[in-house]
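A closer look at the structure
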Amino acid sequence: MMSSTFVMVHVGQSTESQRNLEHGIETLSWGFPEEKPEYKDARPRFAVLATGASPRVQLANWLQDTATLYLFQVRGGFYQGSAWHWPDEEAERRLKYPQRFGIEPLAKLENVSLGPNGPLTEAGSDAIRRSGTDRGMGKLVQMPAQRLLELAGIPFDPADPEDVPLDKSPGFTAEQVEGKKKPQRRRRGAGYISDPKKRKAIEEHAEQLATAHYEGQGWTVEKLGKPYDLRCTRGTEERHIEVKGTTGAATSVELTINEVLHARDEDNTVDLYVVSDIKIDTLTEPYIPSGGTVWHYRDWEPAEEDLRPRKYEYRLPDLTA
């Protein structure tokens, strides 16, 4: 079987660790306290965040235990973050997890055997254990993805199991995190930021960067908001710009059905302009955003395999009929 590079991570059961796990799932980002040499040129394709089993045991005992595994596809490689992103980073106003990467939720697997009867190789299972004794630092391991994908019910091409169709994977949300010490504060949805002032500051900063970019190329830019963010004109040319911003990684973004339909309309020329790793100073009034890394997708049209529905409109049965 083909092997892929995995990042194996142990997440503790403390309230802080579980809250960071929720936030990482919501914002599609994960990070570590420091860079390690093996991260430098690594291009992991999957990540497993495991919780529920104590790592401070001998390997033989560890392999007899079970854990909850959160399976992710890794988007992009490791990068050095500069924005406070996790709740404890903002509370302490310092970078605690600067070594980061983007994560896309694929499946949550509960009560998974960490031994030979489970989907992990012994090296992969032990990597989680070693992560738990090393401040949750990720451990890289080569391991086939097939058994995990099969257990999750995710279809894949045996010749290329790394090409996972997002629309065929179940995914999961932060609300499905189940630790012994449940965080009290609940949020909603992937990428959602609970502070409306912070959310607005991030959106406006991303739009300002996009506006400056297109104006620098000779476009006249009009801010609309709906059905798309920016309308750019240059002579007889017209281009519509959808803008997204985040303090985390550039992994995926939330789209409305109207945004998808607009981008797929052959009469429209649409760009997607994403700004990740935006810094926000929340001690000022108003909040001050700065920095960010730009990801520019020209002539953008979202493909079906890259979309996963998070909401449905349900038509109620007609009880009067």
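Below you will find a few notes about this structure. On a predicted model such as this, the values are computed, not experimentally measured, just so you know.

**Quick word on the overall build of the protein chain**
Per the secondary structure count, the protein chain includes seven helices and 13 strands. Relative to the compact-globule value of 20 Å for 321 residues, the protein chain shows a C-alpha radius of gyration of 21 Å, a close match. Over its C-alpha atoms, taken along the principal directions, the protein chain stretches across nearly 70 × 55 × 50 Å. By the burial criterion, 48% of the 321 residues in the protein chain qualify as buried. Taking the contacts inside the protein chain whose residues are at least 6 apart along the sequence as the reference set, 71% of them involve residues at least 24 apart. For the protein chain, the exposed area adds up to about 16,500 Å²; of that, 48% sits on carbon and sulfur atoms.

**Observations regarding the sheet that holds strand 7 (residues 220-223)**
The strand order across the open sheet built from five strands is 7-8-9-10-13, with neighbouring strands paired in mixed fashion. This sheet does not close on itself; its edge strands, each paired only once, are strand 7 and strand 13 (293-297). Ignoring which end each strand starts from, the neighbouring axes of this sheet average 25° apart. Examined bridge by bridge, strand 8 (residues 230-234) and strand 9 (residues 237-245) share five bridges and lie antiparallel to one another. When the bridges of strand 9 are listed, arginine 231 appears paired with histidine 240.

**Some thoughts on the nonpolar core**
One finds Phe6, Met8, Leu69 and Leu148 to be the most contacted residues of the largest nonpolar core, which totals 27 residues. In terms of residues, this core owes the most to one element, strand 5 (residues 99-113), which gives four residues. Ignoring sequence-local partners within four residues, the contact set of leucine 69 consists of Val48, Leu49, Ala50, Ala107, Lys108, Leu109, Val112, Leu120, Ile128 and Leu148. Listed in part, the 23 residues of the second largest apolar core include Leu21, Trp30, Tyr70 and Met137.

**Topic: the packing of aromatic side chains**
Evaluated as defined, the whole model comprises ten aromatic pairs. For the pair phenylalanine 78 and phenylalanine 101, a centre-to-centre distance of 5.3 Å together with 75° between the ring planes defines the contact as edge-to-face. Taken together, the positions of phenylalanine 78 in strand 4 (residues 66-80) and phenylalanine 101 in strand 5 put the pair 23 residues apart, joining distant regions of the chain. For the pair phenylalanine 78 and phenylalanine 101, one class covers both residues: buried. Between tryptophan 86 and tyrosine 97, the ring centres sit 5.6 Å apart and the planes meet at 80°, which makes this aromatic pair edge-to-face. Residue tryptophan 86 is found in the loop between strand 4 and helix 3 (87-92), and its partner tyrosine 97 is found in the loop between helix 3 and strand 5; the two are separated by eleven residues along the sequence. As far as the burial class goes, tryptophan 86 and tyrosine 97 line up, both buried.

**Let's talk about the pairing of strand 8**
Bridging between strand 7 and strand 8 involves four bridges; their strand directions are antiparallel. Counted as the bridge partner of glutamate 222 is arginine 231 from strand 8. If you look at the hairpin formed by strand 7 and strand 8, you'll find six residues sitting between the two strands, and glycine 225 has a positive phi there, around 95°. The turn linking strand 8 back onto strand 9 is made up of two residues, and glycine 235 within it adopts a positive phi angle of 65°.

**With respect to the sheet that holds strand 1 (residues 4-10)**
The strands that make up a sheet pair up through hydrogen bonds in the backbone, lying either parallel or antiparallel. One open sheet accounts for six strands, arranged 2-5-4-3-1-6; its pairing is mixed. The open sheet has two free edges, formed respectively by strand 2 (29-32) and strand 6 (139-143), since each of these has just one partner strand. The average angle at which neighbouring strand axes cross in this sheet is 40°, direction not considered. In terms of strand pairing, strand 2 meets strand 5 through four bridges, oriented antiparallel.

**Some details on the side chain of aspartate 134**
Residue placement: aspartate 134 occurs in the loop between helix 4 (122-132) and strand 6. A residue is classified by how much of its surface remains accessible, and aspartate 134, at 18% relative accessible area, is buried. Setting aside anything within four residues of it in sequence, one finds aspartate 134 in contact with Lys36 and Lys139.

**What about unusual backbone geometry?**
The omega angle of the peptide bond from lysine 226 to proline 227 is 0°, so this bond is cis rather than trans. Mapped onto the elements, proline 227 comes out in the loop between strand 7 and strand 8. Cis geometry marks the peptide bond from glutamate 285 to proline 286; its omega dihedral reads 0°. Located in the positive-phi region is arginine 93, a residue other than glycine, with phi close to 55°. For arginine 93, the position within the fold is in the loop between helix 3 and strand 5. Phi at aspartate 299 is positive, roughly 50°, even though this residue is not glycine. Turning to its location among the elements, aspartate 299 is positioned in the segment after strand 13.

What counts as what
- Just so you know, the residues in each chain are numbered from 1, in the order the chain's sequence is written.
- Local features in this predicted model are restricted to residues of pLDDT 70 or higher, and side-chain atom pairs are both shown and tallied only at a pLDDT of 80 or more, whereas totals for entire chains, interfaces and linings draw on every residue.
- Based on all heavy atoms of the structure, the side-chain values leave hydrogens and waters out of the count.
- Helix numbers and strand numbers start at the N terminus; a helix is a DSSP run of H or I with at least 4 residues, a strand a run of E with at least 2.
- With C-alpha atoms as the basis for the radius of gyration, the globule rule is written as 2.2 Å multiplied by the number of residues raised to the power 0.38.
- Burial classes: relative accessible area under 20% of the type maximum marks a residue as buried, over 50% as exposed, and values in between as partly exposed (1.4 Å probe, protein chains only).
- When checking whether two residues touch, look at their non-hydrogen atoms; a contact exists if any pair is within 4.5 Å.
- Methods summary: accessible areas were calculated by the Shrake-Rupley approach with a probe of 1.4 Å, and residue burial reflects only the protein chains presented.
- Here, strands pair whenever DSSP counts at least two bridges between them.
- Convention adopted: a line fitted to C-alpha atoms gives each axis, helices being fitted over their contacting stretch, and angles between N-to-C directions are expressed from 0 to 180 degrees.
- Here, nonpolar core means buried Ala, Val, Leu, Ile, Met, Phe, Trp, Tyr and Cys residues that are tied together by side-chain atoms lying within 4.5 Å of each other.
- Ring pairs are drawn from Phe, Tyr and Trp, using the six-membered ring of Trp, whenever the two centres fall within 6.5 Å, and their geometry is named by plane angle: stacked under 30 degrees, edge-to-face over 60, tilted for the rest.

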